[in-house]
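# Architecture at a glance
Next come the chains, spelled out residue by residue.
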Amino acid sequence: MVDVRRLRALRELSDRGTIAAAAEALSLTPSAVSQQLAALEREVGQPLLEPDGRRVRLTSAASVLLDHAGPLFVQLERMNASLVAHARGEQGLVRVGAFPTAIIDLVAPAAVVLRDRAPGVRIEVRESEAPDVFDLLLRGDIDVALGMASAYAPVQGDARFTRVELQRDVLDAGLPVDHPLAAASEVDLADLARDPWIFPPPGWQCESVLLGACQSAGFVPGMAHRTSDWNAALALVRAGLGVTLVPRLAQTAPPPGIALRPLTGEPPARHI
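Right, let's walk through the structure included here. (Residues numbered from 1 in each chain as written. Predicted model: local features only at pLDDT ≥ 70, side-chain atom pairs only at ≥ 80, totals over all residues. Heavy atoms only, no water.)

### Some details on the overall build of the protein
Formally: Elements are defined by DSSP. Helices are runs of H or I of four residues or more, strands are runs of E of two residues or more, and each kind is numbered from the N terminus. We compute the radius of gyration from the C-alpha atoms alone; for a globule the expected value is 2.2 Å times N to the 0.38, where N is the number of residues. Throughout, a contact is declared for two residues whenever any of their heavy atoms are within 4.5 Å. By the counting scheme adopted, Arg and Lys are positive, Glu and Asp are negative, and His together with the chain ends is not counted. Charge coordinates come from a single atom per side chain, which is NZ of Lys, CZ of Arg, CG of Asp or CD of Glu.
Helices and strands together make up the secondary structure of the protein, namely eight helices and 11 strands. Whereas a compact globule of 272 residues would reach a radius of gyration of roughly 19 Å, the protein reaches 33 Å, over 25% beyond that. Across its three principal directions, the C-alpha atoms of the protein cover 105 × 35 × 30 Å. Residue pairs at least 24 apart in sequence account for 66% of intrachain contacts in the protein once pairs closer than 6 positions are excluded. Here the protein contributes 26 positive and 32 negative side-chain charges, whose respective centroids are spaced 7 Å apart.

### Describing the pattern of salt bridges
Where we set the bar: Salt bridges are counted wherever a side-chain nitrogen of Lys or Arg sits within 4 Å of a carboxyl oxygen of Asp or Glu. Three labels apply to residues, based on accessible area from a 1.4 Å probe with only protein chains included: buried if under 20% of the type maximum, exposed if over 50%, partly exposed otherwise in between.
With the rule as written, the count across this model stands at 12 salt bridges. Arg95 serves as the salt-bridge partner of Asp143, at 2.9 Å between the closest nitrogen and oxygen. Pair noted here: Asp143 is in the loop between helix H6 (132–139) and strand E5 (144–146) and Arg95 is in strand E3 (residues 91–98), with a separation of 48 residues, a long-range link. The class of Asp143 is partly exposed, set by a relative accessible area of 38%. Among the residues examined, Arg95 registers a relative accessible area of 22% and is labelled partly exposed. Note that Arg160 and Asp158 form a salt bridge whose closest N and O atoms lie 2.7 Å from each other.

### Structural notes on helix H3 (residues 30–44)
Heads up, the condition is: Between the first and last residue of a helix there are one fewer steps than residues, each counted as 1.5 Å, and that sum is the expected span. Directions are taken from the helix axis to each C-beta atom, and the arc is the one they span.
With 15 residues, H3 extends 21 Å between its outermost C-alpha atoms, agreeing within 8% with the 21 Å of an ideal straight helix rising 1.5 Å per residue. Within H3, burial applies to Val33, Leu37, Ala39 and Leu40. Burial along H3 is one-sided: seen end-on, the buried residues are contained in an arc of 160°. Turned more than 90 degrees from where H3 packs its buried face, Gln35 and Arg42 sit exposed. Packing partners of the buried residues in H3 comprise helix H1 (4–16), helix H2 (19–26), strand E1 (49–52) and helix H4 (60–87). A positive backbone phi angle near 75° is found at Gly45, which sits one or two residues after H3.

### Describing the packing of H1 against H4
The criterion, for reference: Structural elements are reduced to axes, namely lines fitted to C-alpha atoms, with helices fitted over the stretch in contact, and the angle between N-to-C directions of any two is expressed from 0 to 180 degrees. For classification purposes, an angle smaller than 35 degrees is called roughly parallel, one larger than 145 roughly antiparallel, one from 65 to 115 roughly perpendicular, and anything else oblique. Note on convention: the crossing is left-handed when the near helix lies turned anticlockwise from the far helix by less than a right angle, right-handed when the turn is clockwise. In this count, Pro and Cys sit with the nonpolar residues alongside Ala, Val, Leu, Ile, Met, Phe, Trp and Tyr, while Asp, Glu, Lys and Arg are called charged and the others, Gly among them, polar.
Relative to each other, H1 and H4 sit at 110°, their axes nearing to 10 Å. By the angle class used here, H1 and H4 are roughly perpendicular. For the element pair H1 and H4, the recorded crossing hand is left-handed. Here Val4, Leu7, Arg8, Leu10, Arg11 and Ser14 of H1 come into contact with H4, specifically with Ala62, Leu65, Leu66, Ala69, Leu72, Phe73 and Leu76. Taken together, the residues of the contact of H1 with H4 sort by class into 10 nonpolar, one polar and two charged.

### Brief notes about the environment of Met79
Of note, Met79 is situated in helix H4. Among the residues examined, Met79 registers a relative accessible area of 42% and is labelled partly exposed. Sequence spacing of Met79 and Gly240 is 161 residues, and the spatial spacing of their C-alpha atoms is 61 Å.

Written as structure tokens, this is what we have:
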């Protein structure tokens, strides 16, 4: 195996003509450069220098080494530049875990901006809900987790994480257009206490948000249907099978036949 530092000494000698000039370029003493060149000769098992009066000249074996050294040093320079860019956040891979609406409204738009600002950075997205998304983060399978404040999320001040508050995602009432409250400008959540409800699956982050909102309004909702897909939930609302609360991040393209109405008072929200 050829030592790169010794190979660099040979290249400097070739470029500058004398050991003294090569030593100056490398910030070494002439004796140190001579020792490196002697060690390089031992590594390759062939003479690399021959006397030329008071100077030395390169042998054909040295020329063979230098023919390969050029591309090698180019690659090393590229490697060093890539490492510097990586340290600055300009290059590398960022693995993101996020729940579906966050992928649509936060991750995908951010990826477009990232591609323009840091084209050397690749993003890899993985759909995942809490608590699994935080387990992935702890195992090092992802670098960034997008989740909601819930019983499944790390508590504020957990030293294992850097936590950033992204946004407060307000929820509105989702009603069939023929619902008695569909024409109202605002809906009191307590007025929906007797309706059948469409809820996220048990254990999902949004389930606790919806349940907490209903309980704060003084009732326990009758959970008639469950789905993890907001489009499916809205389809059930449109079919007149129940009501639900819909995060605004999930309201990008509500189907016809749905009335989305803000709630009175301080509305419930997902804290992302």
